[in-house]
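# Architecture and fold: a report
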Amino acid sequence: MIIGSLVALVTPMNPDGSVDWDALKRLVEWHVAEGTHGIIAVGTTGESATLDVDEHLEVVRVVIEVAAGRLAVIAGTAAGRSVARADRRVEAKAPVPLR
């Protein structure tokens, strides 16, 4: 069971629309240092509608890597298109709703 403070993490972006990987890593480290209990990576506040599937999965991978077991990481499966949502849920091994 996960208890405590869970944060829907934003995904920092560069002016050109690419992911700011260094800022993302610093943000995760900040949450670890501040005592956050868990992070939701690429939820609906994490630019899920603007990232493609590969970027989405890489953000989740980086967050897990940086968190290194020091806090819980929940992989968001939100997306702007239903096909992309299904792809992300399959990749995360989560059930895909029929509706």
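Residues numbered from 1 in each chain as written. Predicted model: local features only at pLDDT ≥ 70, side-chain atom pairs only at ≥ 80, totals over all residues. Heavy atoms only, no water.

Each regular strand shows side chains that alternate between the opposite faces of the sheet. In the sheet, strand β1 (residues 6-8) pairs with strand β2 (residues 38-41) via 3 bridges, with the strands oriented parallel. The partner of Val-7 across the bridge, within β2, is Ile-39. With helix α1 (residues 21-34) bridging β1 and the parallel β2, this β-α-β connection has right-handed handedness. Relative to strand β3 (residues 72-75), β2 is paired through 4 bridges, and the arrangement is parallel. For Gly-38, the partnering residue across the bridge sits in β3 and is Ala-72. (Pairing = 2+ DSSP bridges. Helix = DSSP H or I, 4+ residues; strand = E, 2+ residues; numbered from the N terminus. Right-handed = clockwise from strand over helix to strand, strands pointing away.)

The terminal C-alpha atoms of helix α2 (residues 53-67) lie 21 Å apart, and with 15 residues this matches the ideal 21 Å at 1.5 Å per residue to within 8%. Between a side-chain oxygen at the N-terminus of α2 and the backbone nitrogen of Asp-54 the separation is 3.1 Å; the capping residue is Asp-52. Residue Ala-68 follows α2 closely and has a positive phi angle near 50 degrees. (Expected span 1.5 Å × (residues − 1). Polar contact = N/O pair within 3.5 Å; in protein donor to acceptor, adjacent residues only side chain to side chain.)

Once that is clear, we can look at the environment of Val-28. Among the structural elements, Val-28 can be located in helix α1. Judged by its relative accessible area of 1%, Val-28 is buried. The spatial distance from the C-alpha of Val-28 to the C-alpha of Val-66 is 6.8 Å, given a sequence separation of 38 residues. If we ignore the near neighbours within four places in the chain, the residues touching Val-28 are Leu-9, Ile-39, Val-63, Val-66 and Ala-67. (Buried < 20%, exposed > 50% of the residue type's maximum accessible area, 1.4 Å probe, protein only. Contact = heavy atoms within 4.5 Å.)

What follows concerns the pattern of salt bridges. Enumeration according to the criterion identifies 3 salt bridges in this entry. Here Arg-70 makes a salt bridge to Glu-29, at a shortest N to O gap of 3.0 Å. Here Glu-29 lies in helix α1 and Arg-70 lies in the loop between α2 and β3, a separation of 41 residues in the sequence. Given a relative accessible area of 42%, Arg-70 falls into the partly exposed group. Residue classification places Glu-29 among the partly exposed positions, given a relative accessible area of 35%. Here Glu-65 and Arg-61 are joined by a salt bridge, their closest N and O atoms 2.7 Å apart. You can see Glu-65 and its partner Arg-61 sitting in helix α2, 4 residues apart, about one turn around the helix. Residues participating in the shared-partner salt-bridge network are Glu-58, Arg-61 and Glu-65. (Salt bridge = Lys/Arg side-chain N within 4 Å of Asp/Glu carboxyl O.)

Within the chain, Val-42 stands out as a residue other than glycine whose phi angle is a positive 55 degrees. Tracing the backbone shows Val-42 in the loop between β2 and α2. The exposure class of Val-42 is buried, given its relative accessible area of 0%.

No statement about biological role is implied by the geometric values presented.
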